[in-house]
Amino acid sequence: MTSSKVELRGEVKNDPAALMASLHLVPSPVPNPEIKYTKIFINNEWHDSVSGKVFSTYNPATGEKICDVQEADKADVDKAVQAARSAFSLGSVWRKMDASERGKLLFKLADLVERDSAYLATLESLDTGKPFLSSFFVDLQGTIKTFRYFAGWADKIHGSTIPIDGEYFTLTRHEPIGVCGQIIPWNFPLVMTAWKLGPALSCGNTVVLKPAEETPLTCLYIAALVKEAGFPPGVVNILPGYGPTAGAAIASHMGIDKVAFTGSTEVGKLIQEAAGKSNLKRVTLELGGKSPNIIFADADFELAVEQAHQGVFFNNGQCCTAGSRIFVEEPIYDEFVRRSVERAQRRTLGSPFDPTAEQGPQVSAEQRSRVLELIQSGITEGAKLECGGKAPPSKGFFLEPTVFSDVQDHMRIAKEEIFGPVQQIMKFKTIEEVIERANNTEYGLAAAVFTTDLNKAMTVSTALQAGTVWINCYNALSCQCPFGGFKMSGNGRELGEIGLKEYTEVKTITMQMSGKKS
Amino acid sequence: MLRTVISRTFPQVFRISACQHSTIPAPNVHPDVHYNKIFINNEWHDAVSKKTFPTINPATGEVICHVAEGDKADVEKAVKAAKDAFKLGSPWRRMDASHRGLLLSRLADCIERDAAYLAELETLDNGKPYAISYSVDVPMVVKCLRYYAGWADKWEGKTIPIDGDYFCYTRHEPIGVCGQIIPWNFPLLMQAWKLGPALATGNTVVMKVAEQTPLTALYVASLIKEVGFPAGVVNIVPGMGPTAGAAIASHMDVDKVAFTGSTDVGHLILKASSDSNLKKVTLELGGKSPNIILSDANMEEAVEQSHFALFFNQGQCCCAGSRTYVQESIYDEFLERSVERAKKRIVGDPFNFNTEQGPQVDEQQFQKILGYISSGKSEGAKLMCGGGPAADRGYFIQPTIFSDVKDDMKIAREEIFGPVMQILKFKSLEEVIERANDSKYGLAAAVFTQNIDKAHYISSGLRAGTVWINCYDVFGVQAPFGGYKASGIGRELGEYGLDNYTEVKTVTIKVPQKNS
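Note that the structure is predicted; figures quoted are calculated from it, not measured.

**Describing the overall build of chain A**
Consideration 1: For chain A, the count of helices and strands is 18 helices and 20 strands.
Consideration 2: Dimensions of chain A, computed from the C-alpha atoms along their principal axes, are close to 75 × 60 × 55 Å.
Consideration 3: Counting the 518 residues in chain A, one finds 58% classified as buried.
Consideration 4: Sequence separation of 24 or more characterises 75% of the internal contacts of chain A that already satisfy a separation of 6 or more.
Consideration 5: Summed over all atoms, the accessible surface of chain A reaches about 19700 Å², with 54% contributed by carbon and sulfur.
Consideration 6: Side-chain charges of chain A comprise 53 positive and 60 negative groups, with the mean position of each set lying 4 Å from the other.

**With respect to the UniProt feature "domain: Aldehyde dehydrogenase" (unreviewed entry) in chain B**
Consideration 1: Following the UniProt record, the feature "domain: Aldehyde dehydrogenase" (unreviewed entry) maps to residues 44-507 of chain B here.
Consideration 2: Along residues 44-507 of chain B the backbone is 41% helical and 20% strand, and the end-to-end C-alpha distance reaches 41 Å.

**Some words on the packing of helix H5 (residues 99-115) of chain A against helix H5 (residues 97-113) of chain B**
Consideration 1: Remark: H5 of chain A packs on H5 of chain B, axes separated minimally by 13 Å, with the N-to-C direction vectors making an angle of 100°. In this view, H5 of chain A runs roughly perpendicular relative to H5 of chain B, as classed from their interaxial angle. Along its contact with H5 of chain A, which presents Lys104, Phe107, Asp111 and Glu114 of chain A, the element H5 of chain B presents Leu102, Ser105, Arg106 and Glu112 of chain B.
Consideration 2: Among the residues forming the contact of H5 of chain A with H5 of chain B, the class breakdown is two nonpolar, one polar and five charged.

**Brief notes about the sheet that holds strand E20 (residues 502-510) of chain B**
Residues and elements named next belong to chain B.
Consideration 1: Read across the sheet, three strands follow the order E5-E6-E20 without closing on themselves; strand pairing throughout is antiparallel. Because the sheet does not close on itself, it has two edges, and the strands there are strand E5 (159-160) and E20.
Consideration 2: Bridging between E5 and strand E6 (residues 166-174) involves two bridges; their strand directions are antiparallel. Along E6, the bridge assignment pairs Ile160 with Cys168.

**Side note on the packing of aromatic side chains**
To describe a pair of aromatic rings, you give the distance between the ring centres and the angle between the ring planes.
Consideration 1: The tally for this structure, following the rule as stated, stands at 38 aromatic pairs over all chains.
Consideration 2: For the pair Tyr35 of chain B and Trp44 of chain B, a centre-to-centre distance of 4.7 Å together with 20° between the ring planes defines the contact as stacked.
Consideration 3: On the accessibility criterion, Tyr35 of chain B (25% relative accessible area) is partly exposed.
Consideration 4: Three or more aromatic residues joined by ring pairs form one cluster here, namely Tyr149, Phe150 and Trp153 of chain A together with Tyr147, Tyr148 and Trp151 of chain B.
Consideration 5: Geometry around Phe88 of chain A places Arg95 of chain A over its ring, the cationic atom sitting 4.0 Å from the centre.
Consideration 6: The ring of Tyr331 of chain B carries Lys425 of chain B above its face, with NZ or CZ at 4.9 Å from the centroid.

**Things to note about the side chain of Thr402 of chain A**
Consideration 1: Mapped onto the elements, Thr402 of chain A comes out in strand E15 (residues 402-405).
Consideration 2: One polar contact links the side chain of Thr402 of chain A to the main-chain carbonyl oxygen of Glu400 of chain A, over a distance of 2.8 Å.

**Notes on unusual backbone geometry**
Residue and element names in this part refer to chain B.
Consideration 1: Although it is not a glycine, Gln314 sits at a positive phi angle of roughly 60°.
Consideration 2: In this structure Gln314 comes out as buried when scored by relative accessible area, which is 0%.
Consideration 3: Even without a glycine there, the phi angle at Asp473 is positive, about 55°.
Consideration 4: Structurally, Asp473 is set in the loop between strand E18 (466-469) and strand E19 (488-489).

**Quick notes on the side chain of Ser375 of chain B**
All names here are of chain B.
Consideration 1: Looking at the secondary structure, you find Ser375 in helix H14 (residues 363-378).
Consideration 2: When its relative accessible area of 11% is taken as the criterion, Ser375 is described as buried.
Consideration 3: When neighbours within four sequence positions are excluded, Ser375 is seen to be in contact with Lys410 and Ile411.

**Quick word on the UniProt feature "active site" (unreviewed entry) in chain B**
All names here are of chain B.
Consideration 1: Mapped onto the present numbering, the UniProt feature "active site" (unreviewed entry) falls on Glu284.
Consideration 2: Relative to the helices and strands, Glu284 resides in strand E11 (residues 280-284).
Consideration 3: Non-local contacts of Glu284, meaning those with residues more than four positions away in its chain, are made with Trp193, Phe259, Thr260, Gly261, Cys318, Leu443, Phe481, Ser487 and Glu492.

**What about the UniProt feature "domain: Aldehyde dehydrogenase" (unreviewed entry) in chain A?**
Consideration 1: Under the UniProt annotation, the feature "domain: Aldehyde dehydrogenase" (unreviewed entry) is placed at residues 46-509 of chain A.
Consideration 2: A distance of 41 Å separates the end C-alpha atoms of residues 46-509 of chain A, which is 41% helix and 19% strand.

**Things to note about the interface of chain A and chain B**
Consideration 1: At the junction of the two partners, chain A supplies 31 residues and chain B supplies 31 residues.
Consideration 2: Applying the counting criterion to the chain A and chain B interface returns three salt bridges.
Consideration 3: The partner of Asp111 of chain A in a salt bridge is Arg106 of chain B, and the shortest N-O contact between them spans 3.7 Å.
Consideration 4: At the boundary of chain A with chain B, the tally comes to seven residue pairs in polar contact (both at pLDDT 80 or more).
Consideration 5: Among the elements of the structure, helix H1 (10-13), H5, helix H7 (132-153), helix H17 (454-463) and strand E20 (504-512) of chain A are those that each provide at least two residues to the side of chain A that touches chain B.
Consideration 6: Here the residues of the side of chain A that touches chain B are counted per class, giving eight nonpolar, nine polar and 14 charged.

**Here's the deal with the UniProt feature "active site" (unreviewed entry) in chain A**
Consideration 1: Following the UniProt record, one finds the feature "active site" (unreviewed entry) at Glu286 of chain A.
Consideration 2: Considering the arrangement of structural elements, one finds Glu286 of chain A in strand E11 (residues 282-286).

**Some thoughts on the sheet that holds strand E14 (residues 384-387) of chain A**
All names here are of chain A.
Consideration 1: Sheet architecture is open: seven strands sit in the order E14-E15-E16-E13-E12-E17-E18, paired in mixed fashion. What marks the edges here is a single partner per strand, and that holds for E14 and strand E18 (468-471). Pairwise comparison of adjacent strand axes, ignoring direction, gives a mean angle of 20° for this sheet.
Consideration 2: Sitting on the sheet, helix H12 (residues 301-313) touches strand E12 (292-295), strand E13 (325-329), E15, strand E16 (422-428) and strand E17 (446-450), and the angle it makes with E16 is about 135°.
Consideration 3: On the sheet, helix H13 (residues 333-346) packs against E12, E13, E14, E15 and E16 and is oriented at approximately 170° with respect to E16.

**Some details on the nonpolar core**
Consideration 1: The biggest cluster of nonpolar side chains holds 207 residues, and the ones touching the most others in it are Phe231 and Phe336 of chain A together with Ile111 and Phe229 of chain B.
Consideration 2: Examining the composition of this core, we find that 14 residues originate from one element, helix H7 (residues 130-151) of chain B, more than from any other.
Consideration 3: Among all residues touching Phe336 of chain A, those that are not within four sequence positions of it are Ile295, Phe301, Ala304, Val305, Ala308, Ile326, Val328 and Ile425 of chain A.
Consideration 4: By size, the runner-up hydrophobic cluster in this structure holds 29 residues, among which are Tyr325, Phe366, Leu370 and Ile397 of chain B.

**Description of the environment of Ala116 of chain B**
Residue and element names in this part refer to chain B.
Consideration 1: Along the chain, Ala116 turns up in helix H6 (residues 115-126).
Consideration 2: Ala116 sits in the partly exposed class, given a relative accessible area of 22%.
Consideration 3: When the C-alpha positions of Ala116 and Lys143 are compared, they lie 16 Å apart, and in sequence the two are 27 residues distant.
Consideration 4: Each residue touching Ala116, except ones within four places of it in the same chain, is listed here: Pro25, Tyr130 and Tyr134.

**With respect to the state of the cysteines**
Consideration 1: Evaluated as defined, the whole model comprises zero disulfides over all chains.
Consideration 2: Between Cys67 of chain A, a cysteine without a disulfide, and Cys219 of chain A, which holds the nearest cysteine sulfur, the sulfur-to-sulfur distance is 14 Å.

**Focus: the pattern of salt bridges**
All names here are of chain A.
Consideration 1: Applying the stated criterion across every chain, the model contains 58 salt bridges over all chains.
Consideration 2: Across the pair Glu335 and Arg338 runs a salt bridge, and its minimum N-O distance is 3.0 Å. Taken as a pair, Glu335 and Arg338 lie in helix H13 at a separation of three residues, close to a single helical turn.
Consideration 3: Relative accessible area serves as the criterion here: at 46%, Arg338 is assigned to the partly exposed category.
Consideration 4: The salt bridge involving Glu358 is made with Arg347; its shortest N-O contact spans 3.8 Å. Residue Glu358 is found in the loop between H13 and helix H14 (365-380), and its partner Arg347 is found in the loop between H13 and H14; the two are separated by 11 residues along the sequence.

**Re H5 of chain A**
Consideration 1: The end-to-end C-alpha distance of H5 of chain A, which contains 17 residues, comes to 25 Å, matching closely the 24 Å that a straight helix rising 1.5 Å per residue would cover.
Consideration 2: Within the sequence span of H5 of chain A, burial applies to Ser100, Arg102, Gly103, Leu105, Leu106, Phe107, Leu109, Ala110, Leu112 and Val113 of chain A.

**Quick look at the domain arrangement of chain B**
All names here are of chain B.
Consideration 1: Domain assignment breaks chain B into domain 1 (38-285 + 490-503) and domain 2 (290-478).
Consideration 2: If you average the C-alpha positions of domain 1 and of domain 2, the two centres end up 30 Å apart.
Consideration 3: Of the residues lining the interface, 33 residues belong to domain 1; the matching set on domain 2 comes to 31 residues.
Consideration 4: Taking both sides of the interface into account, the surface hidden between domain 1 and domain 2 amounts to around 2500 Å²; carbon and sulfur atoms contribute 66%.
Consideration 5: Looking only at domain 1, the three residues that lose the most surface to domain 2 are Pro58, Pro129 and Trp184, adding up to 20% of its buried area.
Consideration 6: Applying the counting rule to domain 1 against domain 2 returns one salt bridge.
Consideration 7: Here domain 1 is connected to domain 2 by seven residue pairs in polar contact (both at pLDDT 80 or more).
Consideration 8: Residue assignment for the side of domain 1 that touches domain 2 shows that the elements contributing at least two residues are H6 and H7.
Consideration 9: In terms of residue count, H7 provides more of the side of domain 1 that touches domain 2 than any other element does, eight residues in total.
Consideration 10: Looking at the side of domain 1 that touches domain 2 residue by residue, the classes come out as 17 nonpolar, 10 polar and six charged.

Parameters and conventions
Residues numbered from 1 in each chain as written. Chains lettered and ligands numbered in written order. Predicted model: local features only at pLDDT ≥ 70, side-chain atom pairs only at ≥ 80, totals over all residues. Heavy atoms only, no water. Helix = DSSP H or I, 4+ residues; strand = E, 2+ residues; numbered from the N terminus. Buried < 20%, exposed > 50% of the residue type's maximum accessible area, 1.4 Å probe, protein only. Contact = heavy atoms within 4.5 Å. Areas by Shrake-Rupley, 256 points an atom, 1.4 Å probe, with all protein chains shown as cover. Lys, Arg positive; Asp, Glu negative; His and termini not counted. Charge placed at Lys NZ, Arg CZ, Asp CG, Glu CD. UniProt positions renumbered as here; feature names shortened; annotations may be inferred. Axes fitted to C-alpha atoms, helices over the stretch in contact; angles between N-to-C directions. Parallel < 35°, antiparallel > 145°, perpendicular 65-115°, else oblique. Nonpolar A, V, L, I, M, F, W, Y, C, P; charged D, E, K, R; others polar. Pairing = 2+ DSSP bridges. Phe/Tyr/Trp six-rings, centres within 6.5 Å; stacked < 30°, edge-to-face > 60°. Lys NZ or Arg CZ within 6 Å of the ring centre and 35° of its normal. Polar contact = N/O pair within 3.5 Å; in protein donor to acceptor, adjacent residues only side chain to side chain. Salt bridge = Lys/Arg side-chain N within 4 Å of Asp/Glu carboxyl O. Core = buried A, V, L, I, M, F, W, Y, C linked by side-chain atoms within 4.5 Å. Disulfide = S-S within 2.5 Å. Expected span 1.5 Å × (residues − 1). Domains from an automatic or database assignment. Buried area = accessible area lost by both parts, 1.4 Å probe.

Written out as structure tokens, the structure is:
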């Protein structure tokens, strides 16, 4: 998620001397980072689990345990919801706070994350396996920018006054929904924390957030920064734990007014079902994808090969937006496959802390075996394995960059979300054909088209059923732009102004007013 | 002005207790002046003519220092710098909008860091009480800049479902070089109101600050450089209106001019625009704002708020509630209490924490106000208290109240801009709305009542850009401010304030086939 390009500050980008100087400022990881927070965060305090249970989190680059973390379950969720409810009660510090002050707290949180960037990037790489420089320049920047962006919105969420018929005066207030349950995945632990907390807090809600059991550590550190920034107790509560226990307790809780989930489509259905069976809490979902990336013969070839490569391999292939169906126009198909294979073979695997490594391990042994199983199905169903396909003989959950050509639309690798470093390259002839094939999926998260022809770009981008379409770029995500899925890729949108809608209830106030005037 | 801040961070502003003193640092009453030149291209320049002018401490009448006096030639240099900074491909034009926001936010942080010094300098140069500078002016500046910092990457264009096989969208682009001319009554705050939206939307600026109060704006210029705005984005030229101000208003390369000041000068600005390049014009001008007290109002609140509405900032507010209309049945009591309150008002050394009212800004204003007071007397209004100078030196004026004021008197029609309160009597709602609207101005208004129907009836009937109900001078950077009629053109603050600094570009693309 978020663009894989390295972000430099404006003045550095525009000044060659500063750019040179910045090369000496490449950040380095914090050696042997201390793990400071492993407990449940409720009411700005650290708690053991009610059950006394803990779970382990692992370094996927070695398979070794990093530490034990308190395992939240239903009883802990109940405590957290109570804290969040009381922080949201009328007359509370949080409810009485000026909107601009909420913004100031979020801005402060961004500054604290920026202060601790090197430490947080180290911890993120340790827990997820993603390369450190990528953690530092993509994840941390994305997190900081998202908090700042939503900080700015806090006092700009306008209601309206409405020229109602009759002798009345009508106005709307955009009020916070209340207690928001938020369940986030392991592929971008920090960025997903920011995408969820940013709009929820900007609008004035309180939060009970469950990070993924694979990667709880950075999210818990953010909890400590939430407290340091000065958010009142109970506004943010963070509960590490498992989906079927803590996650399910959030989704079905009668004291939670809204749930936001990012993860698989399968679990998304469970969340919506739990909301329906309990209190009809509002649901937003950001789920899986099988995003088409369409390359026309007139495209800038170098750009298309590199972007298509990054589009699927970025973050070890673990992106819901991964461009995992590459449709290439017939005249350039063979050359595109050849160059893509060449590029994939050059992709360097290694320790997340090796600055030359482009790709770290998959997040867990389980994820790796899932990907290997899908690779095997590709071979069995007759796709051509061009390179990779195996787990290298090393500690940790690594996978070789893998490319399939001659992929047919009905194959599992062309239909199911692989969530690993596996690229499928298909051939197409006409624009109508490729639009139809690209849309022939239950998913609709993202898509891309590479062409220098303005008409093709406009035609394809308007016809694709996807929440985001990139033209001559990929994964160019930014906090200003809405993101979310058509069809079974989700409900609602995150980021941008529209992301605020998912965290507000609109109240219409109409009062009798005799003698109305324009 | 700025009641929000007062009530939240500085309650009981008129009776500051010892414990509240402790939250305000003791002022250095002789702050050093670090910057007294012209700021162009992030550098300090003498005037091309080498001329300087003195800036005066209005509490003593003594010269604080001399300041480089910008004129046409200096404006020329500043406009060239601003135009270069705005060129396609410049660092400023290529900068991410979110980074513009970050720079504005850093500027707010620096002003917050230097709050005490800026408040000292503001008080020295302007005469307003230091406790107010520190707890009202500076915090409002910080909030304003933070607010517009947030807008930088949220000022969105639209895509539009145009008829036919076309794809249509709008871009909100900066206008270009913006001339900004600001007054002396809130030097720091007016600077922030102008810079915030202009920079958030990506313009470059040539700003002329008032010759009475140039010092704090020049210090802020140094902070603009410190936080990393590219050279030429903000240029600040201290100088006189008829020379430097006129040069900005009539410059062919200035794309927009924003002016806050008198209605007389507002006319000149608009005329200069039409005689030169039809630059866009926004104006925030004078007022003669009605403050209507109904008989069911909370008397104590109404008296205190009406006092505050007029006397705040030595009466030097464009939105001053200078026509206080009181319903007949409570008129006598209201008058009596208002006089009692005005007599208690503490006038004196602006650096003293007990002081509620400092000097007027300069000799000219001082004389002008005394002139209005004598016209009130000669036209037959009844002088209830005050009416003369309040000290042997400096430009202090006694808090003054007139009763039995008639609508046709000069003191009821013209902007006095001083501590002189007019209290008028009315009988019915219809009557008071008509009289309140019978003014060339339309900046602000207020109504005090506990009745929901009367509150709505009056607030929707008044011809004013801002109406306060049971409060006065409540300014939030989130809420737009500006005038009906001869009180101005356009609105500052809020999202509306961004319009003043934006050109909308409609881009329409032919497409082979449109689909919804």
